[in-house]
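Coordinates in review
So you can see what is in the structure, the chains are spelled out below.
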Amino acid sequence: MPHPQAMPSLTNRLTTGPIKTGLIALILGLSACADRPDLAQRVGPVDPTLAWPSLLDTTALAQSSSEASAFEDSQTQVQSLEARAAALRARARRLSQTPVLSTSERRFLLSAIARLDQPE
């Protein structure tokens, strides 16, 4: 009788093969039940008379953007962020002026804290 380690294990081949096949069949079966996505509105029709767009070289792209436009864009972004920050500060001020708890809720909470602080 040959040594058990010399022959491939029959149980390993039986357990991994059918399980893998079953999982693949299950995944394919479930994917067949799914609805197909509607891609009709996602892709526009292609006009065959138009020429293909040309690709730009990175050096051409770098030359096309001027430093002045980049500076203006950064200034616009800075102004936008400053306006958002000011709006958030104003909102925080408004929210901090409005009490979160009513007078009775605050009294109840303070009395509960006082009871917890008392020694037993």
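Remember, predicted model here, so these are calculated numbers, not experimental data. (Residues numbered from 1 in each chain as written. Predicted model: local features only at pLDDT ≥ 70, side-chain atom pairs only at ≥ 80, totals over all residues. Heavy atoms only, no water.)

Focus: the overall build of the chain
Of regular secondary structure, the chain possesses 4 helices and 0 strands. Listed by position from the N terminus, the elements making up the chain come as α-α-α-α. Relative to its 120 residues, the chain shows a buried fraction of 0%. Entry remark: accessible area of the chain is about 12,100 Å², with carbon and sulfur atoms responsible for 62%. (Helix = DSSP H or I, 4+ residues; strand = E, 2+ residues; numbered from the N terminus. Buried < 20%, exposed > 50% of the residue type's maximum accessible area, 1.4 Å probe, protein only. Areas by Shrake-Rupley, 256 points an atom, 1.4 Å probe, with all protein chains shown as cover.)

Details of a positive patch on the surface
Taken together, R89, R91, R93 and R94 make up a surface patch of like positive charges. Mapped onto the elements, R93 comes out in helix α3 (residues 67-97). We classify R93 as partly exposed; its relative accessible area is 49%. (Patch = residues over 30% accessible without salt bridge, like charges linked within 9 Å, V, L, I, M, F, W, Y side chains within 5 Å. Salt bridge = Lys/Arg side-chain N within 4 Å of Asp/Glu carboxyl O. Lys, Arg positive; Asp, Glu negative; His and termini not counted. Charge placed at Lys NZ, Arg CZ, Asp CG, Glu CD.)

Quick word on a nonpolar patch on the surface
On the surface, V100, L101, L109, L110 and I113 cluster together into a nonpolar patch covering about 470 Å² of accessible area. With respect to the helices and strands, the residue L101 is situated in the loop between α3 and α4 (103-117). Note on L101: relative accessible area 36%, which makes it partly exposed.

What to know about the confidence of the model for the chain
The predicted model of the chain averages 79 in pLDDT, with 80% of residues at 70 or higher. The secondary-structure element of the chain with the lowest mean pLDDT is helix α2 (residues 58-64), recorded at 73, while α4 shows the highest, at 92. (pLDDT = per-residue confidence, 0-100.)

Points about the environment of S31
Assignment of secondary structure puts S31 in helix α1 (residues 10-33). Among the polar contacts made by the side chain of S31, one reaches the main-chain carbonyl oxygen of L28 at a distance of 2.9 Å. (Polar contact = N/O pair within 3.5 Å; in protein donor to acceptor, adjacent residues only side chain to side chain.)

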